[in-house]
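Descriptive structure summary
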Amino acid sequence: MKRIIYPGTFDPIHNGHIDIANRASHLFDELIFVVAINNEKEPLLSSAERENLITRSTVHLTNVRVESFDGLVVNYAKRSGAIAIIRGLRHVSDFEFEFQMAMMNYNLNPDITSMFMMPDEKYIHLNSTIVKDVARLGGDITDYVPDIVKKVLLAKYKA
Ligand code: ADP
């Protein structure tokens, strides 16, 4: 069983994330979204809410599951029997950070391979922060997130 993990904050999941999951899940037997529980980004949504939205946004993919994790991603990969980590690359500006992280992960565990994919051009400028900003300010996010994510964000910002 060839397994890949897809770590991130996913606060919330958007169509760029889903584009990468669609592609990577076709290349592996199983893809596990790994939701970072605690990180410096101070997420809007709890890890349970983020997990739930990922699950509901990826029902079309039968070989995907979702977990939360706190700690080193390579440790999680090893524990879950994954052989690779998938990350999205949007711009050249993503490269430096991703390169550093990939090198560190390689040093921590050379058995885990870091892989990168570019999303469809239409998602290149998308990130979770911009989706939240647009939703908070009353803009239309229909083209950027699944309906369920839109519903949850609108409810959060109405409260
Ligand atoms: P962000 O970096 O936007 O805060 P995450 O930490 O949730 O988002 O990202 C998790 C993974 O998804 C990272 O590998 C990131 O590069 C990737 N990703 C984020 N946005 C996109 C996008 N628009 N297209 C493709 N991959 C993306």
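Here's a quick rundown of the structure. (Residues numbered from 1 in each chain as written. Predicted model: local features only at pLDDT ≥ 70, side-chain atom pairs only at ≥ 80, totals over all residues. Heavy atoms only, no water.)

**Considering the overall build of the chain**
The number of helices and strands found in the chain is six helices and five strands. Helices and strands in the chain line up, N terminus first, as β-α-β-α-β-α-β-α-β-α-α. A globule of 159 residues ought to have a C-alpha radius of gyration of about 15 Å, and the chain, at 15 Å, matches this closely. When its C-alpha atoms are laid out on the principal axes, the chain stretches across 45 × 30 × 30 Å. A burial count over the chain gives 45% of its 159 residues as buried. Considering only contacts in the chain between residues 6 or more positions apart, those separated by 24 or more positions represent 77%. On the chain, roughly 9,000 Å² of surface is accessible, and the fraction owed to carbon and sulfur atoms is 54%. Averaging the coordinates of the 18 positive side-chain charges in the chain and doing the same for the 20 negative ones gives two points 4 Å apart. (Helix = DSSP H or I, 4+ residues; strand = E, 2+ residues; numbered from the N terminus. Rg over C-alpha atoms; globule rule 2.2 N^0.38 Å. Buried < 20%, exposed > 50% of the residue type's maximum accessible area, 1.4 Å probe, protein only. Contact = heavy atoms within 4.5 Å. Areas by Shrake-Rupley, 256 points an atom, 1.4 Å probe, with all protein chains shown as cover. Lys, Arg positive; Asp, Glu negative; His and termini not counted. Charge placed at Lys NZ, Arg CZ, Asp CG, Glu CD.)

**Description of the sheet that holds strand β1 (residues 3-8)**
Taking strand neighbours across the sheet as the criterion, the five strands line up as β3-β2-β1-β4-β5 in an open arrangement whose pairing is parallel. At either margin of the open sheet sits one strand with a lone partner, and together these are β3 (64-69) and β5 (113-117). Neighbour to neighbour, the strand axes of the sheet diverge by 30° on average, direction disregarded. Alignment of strand β4 (residues 84-88) against β5, held across five bridges, turns out to be parallel. Looking at β5, one finds that glycine 88 is bridged to methionine 117. Across the face of the sheet, helix α4 (residues 92-108) comes into contact with β4 and β5 while running at roughly 170° to β4. (Pairing = 2+ DSSP bridges. Axes fitted to C-alpha atoms, helices over the stretch in contact; angles between N-to-C directions.)

**Structural notes on the environment of serine 46**
On the secondary structure map, serine 46 appears in the loop between β2 (30-36) and α2 (47-57). Distance from serine 46 to asparagine 127, taken between C-alpha atoms, is 18 Å for residues 81 residues apart in sequence.

**Quick look at the pairing of β2**
Across the seven residues that make up β2, a large majority, six, are buried. Judged from the six bridges that link them, β1 and β2 form a sheet pairing that is parallel. Residue pairing across strands places tyrosine 6 opposite phenylalanine 33, the latter belonging to β2. Read as a crossover between parallel neighbours, the route from β1 over helix α1 (residues 15-27) to β2 is right-handed. (Right-handed = clockwise from strand over helix to strand, strands pointing away.)

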